Amino acid sequence: MMLPTHVLAGMLLAAPLVRAAPELAPVGFAAGFLGGLFPDLDMYTGHRRTLHYPVYYSVLAVPALLAAVDAPSTLTVGVAFFLLGAALHSVADMYGGGLELRPWEGNSDRAVYDHHREKWIAPRRGVRYDGAVEDLALSVGLGVPLLLLVDSPLRQIVIGTLAVAVAYTVLRRRLAEIAAAVIPLLPSSLDPYLPDRYR
Ligand SMILES: [Zn+2]
């Protein structure tokens, strides 16, 4: 799934706070956004492995959530929803496409790395690839309820994220063709800095 879908899903995890602890809801939404974003910071180095932990984020999220319920504060709620967002992102990547330049071709057997079992999890392709039309539908489906739950400035962040989702979906296949055309022209000294799927 594309990054906008992940950050919106992370945010929506904090929806129960609107009722349960409204004063902490903005913290929860922001932490869910950041947790949904964080794993993909490994985009250029060991993508879906270096910062993706489908098992460990989930395991850590349990005590963090219990601590937040027991003693709600900016810190406990922030940590809990950050971990929940990162866990959901890492698990959700299993249900998308594989790691390859053109994931719609379905040639890769690597979706996300499971550090616990020390092996790659195969893509299940519920969403065929990041930026597929069903991925955009997911982003919109997550974004619309969020717009009803959050105020400024989070509302502007949701709107901006949805705009990125639309642009990425429209350009997705073209971006892969541009990458395929440009990368062979780059000096080989840049190789270590390129995502594996581009080599
Ligand atoms: Zn990811």
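Conventions used here
- Residues numbered from 1 in each chain as written.
- Predicted model: local features only at pLDDT ≥ 70, side-chain atom pairs only at ≥ 80, totals over all residues.
- Heavy atoms only, no water.
- Helix = DSSP H or I, 4+ residues; strand = E, 2+ residues; numbered from the N terminus.
- Rg over C-alpha atoms; globule rule 2.2 N^0.38 Å.
- Buried < 20%, exposed > 50% of the residue type's maximum accessible area, 1.4 Å probe, protein only.
- Contact = heavy atoms within 4.5 Å.
- Areas by Shrake-Rupley, 256 points an atom, 1.4 Å probe, with all protein chains shown as cover.
- UniProt positions renumbered as here; feature names shortened; annotations may be inferred.
- Patch = residues over 30% accessible without salt bridge, like charges linked within 9 Å, V, L, I, M, F, W, Y side chains within 5 Å.
- Salt bridge = Lys/Arg side-chain N within 4 Å of Asp/Glu carboxyl O.
- Phe/Tyr/Trp six-rings, centres within 6.5 Å; stacked < 30°, edge-to-face > 60°.
- Lys NZ or Arg CZ within 6 Å of the ring centre and 35° of its normal.
- Core = buried A, V, L, I, M, F, W, Y, C linked by side-chain atoms within 4.5 Å.

Colleague: Which parts of the structure should I look at to understand the overall build of the chain?
Modeller: Looking only at helices and strands, the chain has seven helices and two strands in total. Starting at the N terminus and walking to the C terminus, you meet the elements of the chain as α-α-α-α-α-β-β-α-α. Relative to the globule expectation of 16 Å for 199 residues, the C-alpha radius of gyration of the chain, 17 Å, shows essentially globular dimensions. For the chain, the C-alpha atoms occupy an extent of roughly 55 × 35 × 30 Å along the three principal directions. Counting over 199 residues, the chain shows a buried share of 42%. Across the chain, every contact between residues at least 6 apart in sequence was considered, and the portion connecting residues at least 24 apart equals 67%. Put simply, the chain shows about 10300 Å² of open surface, and 66% of that area lies on carbon and sulfur atoms.

Colleague: Teacher, can you tell me more about the UniProt feature "transmembrane region" (unreviewed entry) in the chain here?
Modeller: Following the UniProt record, one finds the feature "transmembrane region" (unreviewed entry) at residues 54-84. The span residues 54-84 is 84% helical and 0% strand by assignment, and the distance between its end C-alpha atoms comes to 11 Å.

Colleague: What is the right way to read a nonpolar patch on the surface from this model?
Modeller: A cluster of nonpolar side chains, Val166, Val170, Leu171, Leu175, Ile178, Val182, Leu186, Leu190 and Tyr193, forms an exposed patch at the surface whose accessible area comes to about 780 Å². Tracing the sequence through the fold places Leu175 in helix H7 (residues 154-182).

Colleague: Looking at this structure, how should I read the packing of aromatic side chains?
Modeller: What characterises a pair of aromatic rings is the spacing of the ring centres plus the angle enclosed by the ring planes. Counted by the stated rule, this structure contains five aromatic pairs. Ring geometry for Tyr113 and Trp120: centres 5.3 Å apart, planes at 70 degrees, overall edge-to-face. Of the two residues, Tyr113 and Trp120, both sit in the buried class. Site record: aromatic cluster; members linked through ring pairs are Tyr53, Tyr56 and Tyr57. Positioned over the ring face of Tyr113 is Arg49, at 3.9 Å from the centre of the ring.

Colleague: Explain the nonpolar core here, please?
Modeller: For soluble globular proteins, nonpolar side chains are generally found buried alongside one another. Residues Leu17, Phe29, Phe81, Leu146 and Val158 are the most contacted members of the largest nonpolar core, which totals 26 residues. At the level of secondary structure, the elements contributing two or more residues to this core comprise helix H1 (3-12), helix H3 (25-37), helix H4 (56-70), helix H5 (74-92), helix H6 (133-149) and H7. Per-element tally for this core: the top contributor is H5, with six residues. Aside from chain neighbours lying at most four places away, what touches Leu17 is Pro22, Leu24, Ala25, Gly28, Val77 and Phe81.

Colleague: Help me understand the side chain of Thr169 in this model?
Modeller: Within the secondary structure, Thr169 is located in helix H7. Classification of Thr169 as buried rests on a relative accessible area of 17%. Beyond its immediate chain neighbours, meaning those up to four positions away, Thr169 contacts Met2, Gly131, Ala132, Val133 and Leu136.

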